[in-house]
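Single-letter residue listing:
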Amino acid sequence: MKKKNYFMILALKYSYLLIGFGIMCVGYNSINVKGIDMIAGAVDRMLAGEHVVIMSLLSKLIVMIILGTVLTFMKQCFNTLYSLYIETDMRNMAVSHMEALEYSYFDTMGTGSILTRLTADIKEVQNFFSNSLPTGMSYLITSSIIGIYIFKMNHVLLVSALIIYPIVF
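Please read all numbers here as calculations on a predicted model, not as lab measurements.

What follows deals with the state of the cysteines. Per the stated rule, a full pass over the model turns up zero disulfides. The closest cysteine sulfur to the non-disulfide-bonded Cys 77 is located on Cys 25, 13 Å from its own sulfur. Under the relative-accessibility criterion, Cys 77 is labelled partly exposed at 26%.

Here it is, written out as structure tokens:
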């Protein structure tokens, strides 16, 4: 009999929330890069002696900050819902499986050890889906967007950064 990979089934069942999380990450990081680019351009123009309208720059940055805050909130909502739905389904599957077991199994294995193991396993699943997976995905998206930005500025700079970064860190 082939065992089902419930872990993967649940991850794919709610993948739309993970995709929403990814979209919010892309939006947030794009806004950050655009804001940094705007500030750097304004500083460059000031250093070149050109006139920069600070109020125009500040109004654009305030809009970007508000939008970034909303995207961060939405990103956290998608992350929380993704983790919560998977954790709830895992608990429901575990309980339905335990209800199907015979009483002799509980006498043999010990109820306390079964519940302790079940609680610890569900906590690990929750930690993976609420922390590890979103953090890794966020780091990957952030690195990609910054890499694209550096690539647009200077191809050699990106290659140099990719070569030196693993050596330094």
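Position of Asp 89 among the secondary structure elements: in helix α3 (residues 54–100). When its relative accessible area of 15% is taken as the criterion, Asp 89 is described as buried. Among the polar contacts listed, one links the side chain of Asp 89 to the side chain of Tyr 14, at a separation of 2.6 Å. The residues contacting Asp 89, other than those within four sequence positions of it, are Leu 10, Lys 13 and Tyr 14.

For the rest of this paragraph, the subject is the UniProt feature "transmembrane region" (unreviewed entry) in the chain. UniProt annotation of "transmembrane region" (unreviewed entry) refers to residues 12–31, 51–74 and 146–168 when read in the numbering used here. Along residues 12–31 the backbone is 95% helical and 0% strand, and the end-to-end C-alpha distance reaches 29 Å. A helix fraction of 96% and a strand fraction of 0% characterise residues 146–168, whose end C-alpha atoms lie 18 Å from each other.

Here the second largest pocket is characterised by a volume of approximately 240 Å³. Residue assignment for the lining of the second largest pocket shows that the elements contributing at least two residues are α5 (111–153) and α6 (155–168). Here the lining of the second largest pocket takes five residues from α5, the largest share from any one element. Classifying every residue of the lining of the second largest pocket by side-chain character gives six nonpolar, three polar and no charged.

In the numbering adopted here, UniProt assigns the feature "domain: ABC transmembrane type-1" (unreviewed entry) to residues 17–169. Split by type, residues 17–169 is 93% helix and 0% strand. Its first and last C-alpha atoms lie 32 Å apart.

If the charged atoms of two oppositely charged side chains come close together, the side chains can form a pair. Under the defined criterion, the tally for this structure stands at three salt bridges. Of the charged contacts, one joins Glu 87 and Arg 91 as a salt bridge, the two residues approaching to 2.5 Å between their closest N and O atoms. Here Glu 87 and its partner Arg 91 are both found in helix α3, four residues apart, which amounts to about one turn of the helix. Looking at Glu 87, the relative accessible area reads 11%, which means it is buried. Between Arg 117 and Asp 121 there is a salt bridge, with its nearest N and O atoms 3.9 Å apart. Residue Arg 117 and its partner Asp 121 are located together in helix α5, separated by four residues, close to a single helical turn. The class for Arg 117 is exposed, based on a relative accessible area of 60%.

Rules of the game
Starting from 1, residues in each chain are numbered consecutively following that chain's sequence as written. Where local features are concerned, this predicted model is filtered to residues with pLDDT of at least 70; where side-chain atom pairs are given and counted, the filter is 80 or more; whole-chain, interface and lining totals use all residues. To get the side-chain values, take all heavy atoms of the structure and skip hydrogens and water. By convention in this document, the label disulfide applies to cysteine sulfur atom pairs within 2.5 Å. Each residue's exposure class comes from its accessible area (1.4 Å probe, protein chains only) as a fraction of the maximum for that residue type: buried when under 20%, exposed when over 50%, partly exposed otherwise. A run of H or I in DSSP counts as a helix once it spans at least four residues, and a run of E counts as a strand once it spans at least two, with each numbered from the N terminus. Counted as a polar contact is a pair of N or O atoms within 3.5 Å, where, for protein atoms, one must be capable of donating a hydrogen and the other of accepting one, and residues adjacent in sequence contribute only when both atoms are in side chains. Throughout, a residue-residue contact means that at least one pair of heavy atoms, one from each residue, lies within 4.5 Å. UniProt positions are given in the numbering used here, feature names are shortened, and annotations may be inferred rather than shown by experiment. Buried and open spaces are told apart on a 1 Å grid over the protein atoms alone, a cavity being a set of points where a 1.4 Å probe fits but cannot get out and a pocket being an open set with protein on both sides within 12 Å along at least five of seven lines. Residues with an atom within 4 Å of a point are the lining residues. Grid points are joined across faces, edges and corners, and a volume is the space filled by probe spheres set on the points. Side-chain classes follow a simple rule in which Ala, Val, Leu, Ile, Met, Phe, Trp, Tyr, Cys and Pro form the nonpolar group, Asp, Glu, Lys and Arg form the charged group, and the remainder, Gly included, forms the polar group. Criterion for a salt bridge: a side-chain nitrogen of Lys or Arg within 4 Å of a carboxyl oxygen of Asp or Glu.

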